[in-house]
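Summary of structural features
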Amino acid sequence: MRGLAVSAIALSTAMIGAPSAMAETHAPLKRVDGPAIVVESMLGEPKGSEIAAAIEARVMADRIDMTLGKAVSPGAKEAARLAYAQGVFAPIWTRDAAEKLVDANATCKENGIDSGYTDAQIRAAIDARFMGNADARADGDLMLTATWLIMASKLSGGLSDEGGMVKSTMTGPTRSDLVVALRKAGQSDPIATMKEFSSLAPQYSKLRDALKTYRDHAANGGWMKIRDGKEMLEPGMNDPRVPALRERLKAEGYIQPAAFNFFMPVLDDLPETAPTVYDETLAVKVQAFQAAHGLKQDGVIGPATLAALNESVESKIDRIERAMNHWRSRSDLGERHIWVNIPSYRAEAWTGDRLDIAMDTIVGKKRTPTTAFSDEIEYIVANPKWFLPIGLFKRQKLRKLRKDPGYAARHNYVVYDRASGAKVNPHTIDWNEPGVSRKIQMVQTPGPHNALGQLKIIFPNKHSIYLHDTPDRHLFERDVRALSSGCVRLLDPVKMANWLTDGDEGVSTEVFNTTLQSRERERFYLDKHVQVHLTYLPAVVNPDGHVEFPADIYQQFKKPTLAKGTYPDDIVEEQEDLYVEIDGESGSRSDTLQ
């Protein structure tokens, strides 16, 4: 493709040198076996040579660069110049295609993008293209080209093409030839051509659907806040805030609206008790809400749950748009890849757009967060040893060894001298010596006691983060699982490892599993590396198709805004709204996770 790009540049240079005679061959007339036929949509066009000369003059004067500014990449600007040169500077935009561009703003909005143009501005560019003299029409054509390129750039997450195949900012997804796409847009369907640049990530289209749903919620008025009370709201309580809680859940779809029956109203979720009683049916709905927001699923309306309930619909729309923006910049995830959204506590293995595996995870604590990044899985270690990192050793082990050097043997650690590599008796070490943590290496032997469990999946990185097993299986019973030292623990690591080996020609799943059972330590290198993506996204769609808004466990999300107004109840008290304090200057709702 690089050769094609170079050839195209050479072609444009040659054309720029002597354009006029060639431009005359592009008169806006179509000849079909006989006399010229005037194309209706081109009626009123100046002669081809006039508008082509005007466009050529503007291209030569770098008007494309001036018009596009920093809105698109240099490669996209070059693609525009090439597109005009390949057409001998004839206009790119037909009236039919230009008229379709009026709908581009709607397409941008569907994708959570502000195009930067108003419908009136697009209309003005169309009118300019087909009215006035050659200069005005040339300006109009360039404006339509700029409009399309800027919108396509935003939709794609940034065009960096020079007329050939495009590489992403990560590992290089291939996209259609931008020059061809631009000419196709101007000649036929600019919207369909633009959509070809949208993200192919499986999450993207699902989030786009979710965006529509939440915009519908906003159009219907969204929801209000539930006022705070003097105590937490628990199932079984009789509280005047319960009707407000029911209304709030209904507004977001956790409680379905009453089904209409001509003869008898049927309310599926109508409470069987007094309206102010927090019954079990309502508690189940609250637990579903808590699950979708990364909260403890106990049905109790404590500070964290109430803060999540009081987040505005606009804030949730913003979350979805931010997540979509992420996927636009990460289009090429790899044909087979593993995705871990850290605050969702879930890992997924994908082949193309097919979800193969999904499982729970444990991620880093707030103090030792899991880093978001992408890499490639290179190998799997069966029955690994655990080489304690210096930082973790200092935080978790040094104090214990100072009190009792026998701790090492009881927990199956072997101590080595880093300088000589020789084993060292922990009882002979001065654990209070300054810098001792850098002189020794603690290694935990393989086995059921090992902190990494049966296996670890390695993608070498500067963060020392990998996927692995854990002997602490009981921790997966918790709803909030920010509990590790930074690595990602998998609920079913053998299943994930087998997904990797099943798809690799160089590793036998049978041999791997036999080795795993033998408790022999061994590395299994993959013939073909598999991409792994650790993200920290504020909105995701789970495998069941439901949108989730994870809790901000590391305080990295944009601070949420609160819903306006407060649901009334029959004992409204004169008191300060405590949720402003919880969700305001004092930090996000994750501070109050229970």
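Residues numbered from 1 in each chain as written. Predicted model: local features only at pLDDT ≥ 70, side-chain atom pairs only at ≥ 80, totals over all residues. Heavy atoms only, no water.

1. Here we look at the overall build of the protein chain
- Looking only at helices and strands, one finds 23 helices and 16 strands in the protein chain.
- Across the 594 residues in the protein chain, those meeting the buried criterion constitute 50%.
- Looking at the protein chain alone, contacts between residues at least 24 apart form 70% of all its contacts between residues at least 6 apart.
- Surface summary for the protein chain: the accessible area is close to 27900 Å², and the carbon and sulfur share equals 52%. (Helix = DSSP H or I, 4+ residues; strand = E, 2+ residues; numbered from the N terminus. Buried < 20%, exposed > 50% of the residue type's maximum accessible area, 1.4 Å probe, protein only. Contact = heavy atoms within 4.5 Å. Areas by Shrake-Rupley, 256 points an atom, 1.4 Å probe, with all protein chains shown as cover.)

2. Some details on unusual backbone geometry
- Of note, the phi angle at Asp62 is positive, near 60°, even though the residue is not glycine.
- Considering the arrangement of structural elements, one finds Asp62 in the loop between α3 (48-60) and α4 (63-68).
- Non-glycine residue Asn383 carries a positive phi angle of around 50°.
- Given a relative accessible area of 5%, Asn383 falls into the buried group.

3. Things to note about the nonpolar core
- In this structure, Trp93, Trp148, Leu245, Leu249, Tyr278 and Ile320 are the most contacted members of the largest nonpolar core, which totals 94 residues.
- The element contributing the most residues to this core is helix α9 (residues 134-156), with 11 residues.
- Ignoring sequence-local partners within four residues, the contact set of Leu249 consists of Tyr254, Ile255, Leu282, Lys285, Val286, Phe289 and Leu309.
- The next biggest cluster of nonpolar side chains, apart from the first, holds 59 residues, and it includes Ala347, Val436, Leu500 and Phe512. (Core = buried A, V, L, I, M, F, W, Y, C linked by side-chain atoms within 4.5 Å.)

4. A short note on the pattern of salt bridges
- Considering all chains together, one arrives at 26 salt bridges under this definition.
- Measuring nitrogen to oxygen at the nearest pair gives 3.6 Å for the salt bridge that ties Arg123 to Asp127. Taken together, the residues Arg123 and Asp127, both in helix α8 (residues 119-130) and 4 residues apart, mark about one turn of the helix.
- Look at Asp127 and you get partly exposed, because its relative accessible area is 32%.
- Residue Asp141 is joined to Arg129 by a salt bridge in which the shortest nitrogen-to-oxygen separation is 2.9 Å. Of this pair, Asp141 sits in helix α9 while Arg129 sits in helix α8, and the two are 12 residues apart along the sequence. One exposure class covers both Asp141 and Arg129, and it is buried.
- Through salt bridges that share partners, Arg58, Arg63, Asp135 and Asp139 make up one connected network. (Salt bridge = Lys/Arg side-chain N within 4 Å of Asp/Glu carboxyl O.)

5. Some words on the sheet that holds strand β8 (residues 413-417)
- Pairing within the open sheet is antiparallel, and its 3 strands lie in the order β7-β9-β8. One side of each edge strand has no neighbouring strand; the edge strands of this open sheet are β7 (386-387) and β8.
- Here β8 runs beside strand β9 (residues 440-444); their pairing, made up of 5 bridges, is antiparallel. Its bridge partner being in β9, Tyr413 is matched across the sheet by Gln444. (Pairing = 2+ DSSP bridges.)

6. Describing the packing of aromatic side chains
- By the definition in use, this model includes 12 aromatic pairs.
- With a centroid separation of 5.3 Å and an interplanar angle of 80°, the aromatic rings of Trp327 and Trp339 are classed as edge-to-face. Note that Trp327 is positioned in helix α16 (residues 313-328) and Trp339 in strand β3 (residues 336-341), a separation of 12 residues in sequence.
- Relative accessible area serves as the criterion here: at 4%, Trp339 is assigned to the buried category.
- Relative to Phe524, the ring of Phe512 lies with its centre 5.1 Å away and its plane at 75°, an arrangement referred to as edge-to-face. (Phe/Tyr/Trp six-rings, centres within 6.5 Å; stacked < 30°, edge-to-face > 60°.)

Function cannot be read off these values alone, since they describe shape.
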